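Overview (structure and organization)
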Amino acid sequence: QVQLVESGGGLVQTGGSLRLSCAASGLTFSNRVMGWFRQATGKEREFVAAISRSDSTYYADSVKARFTISRDNAKNTVYLQMNSLQPEDTAVYYCAARTSPFYGGRRDEDAFDYWGQGTQVTVSS
């Protein structure tokens, strides 16, 4: 079955950086649209970034120019490089995979079919 396993979360000071990884198995990774979402305490899960099969990237306005999504198809892994972190970036970050290879930049959760368990990112002020 499909498994998505996130890693790389932790505690960082304001202005710091972290790189999240998501290792995927049980799917043809190179054909998949991959995404990152996050959920802060008491808030709904929100779109962060996505990357298509052809490496087109999509970002939430709140993270554009600070976060970078990338993929390594040889390692079946998608990354989220997060720079200039702010306290409002504190959340559980989830990796997601889309079944359909077609993607028009949707930012809703329903666009993705498989989810990881999440990794906590905490940014201290």
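Everything numeric here is computed off the predicted structure, so don't read it as measured data.

**Points about the overall build of the protein chain**
- Along the backbone of the protein chain there are 0 helices and 11 strands.
- Starting at the N terminus and walking to the C terminus, you meet the elements of the protein chain as β-β-β-β-β-β-β-β-β-β-β.
- Taking 14 Å as the expected radius of gyration for a compact globule of 125 residues, we find that the protein chain reaches 13 Å, a close match to that expectation.
- In terms of overall dimensions, the protein chain has a C-alpha envelope of 40 × 25 × 25 Å along the principal axes.

**With respect to the nonpolar core**
- In terms of nonpolar packing, the biggest core is built from 36 residues, with Trp36, Val78, Leu80, Met82 and Tyr93 touching the most fellow members.
- Mapped onto this core, the elements with two or more residues apiece are strand E3 (18-25), strand E4 (33-39), strand E5 (46-51), strand E7 (67-72), strand E8 (77-82), strand E9 (91-98) and strand E11 (119-124).

**Some details on the pattern of salt bridges**
- Tallied over the full model, the rule gives 6 salt bridges.
- In this structure, the salt-bridge partner of arginine 45 is glutamate 109, at a minimum N-O distance of 2.9 Å. Here arginine 45 is found in the loop between E4 and E5, whereas its partner glutamate 109 is found in the loop between E9 and strand E10 (114-115), with 64 residues between them in sequence.
- For arginine 45, a relative accessible area of 22% gives the class partly exposed.

Conventions and cut-offs
Residues numbered from 1 in each chain as written. Predicted model: local features only at pLDDT ≥ 70, side-chain atom pairs only at ≥ 80, totals over all residues. Heavy atoms only, no water. Helix = DSSP H or I, 4+ residues; strand = E, 2+ residues; numbered from the N terminus. Rg over C-alpha atoms; globule rule 2.2 N^0.38 Å. Core = buried A, V, L, I, M, F, W, Y, C linked by side-chain atoms within 4.5 Å. Buried < 20%, exposed > 50% of the residue type's maximum accessible area, 1.4 Å probe, protein only. Salt bridge = Lys/Arg side-chain N within 4 Å of Asp/Glu carboxyl O.

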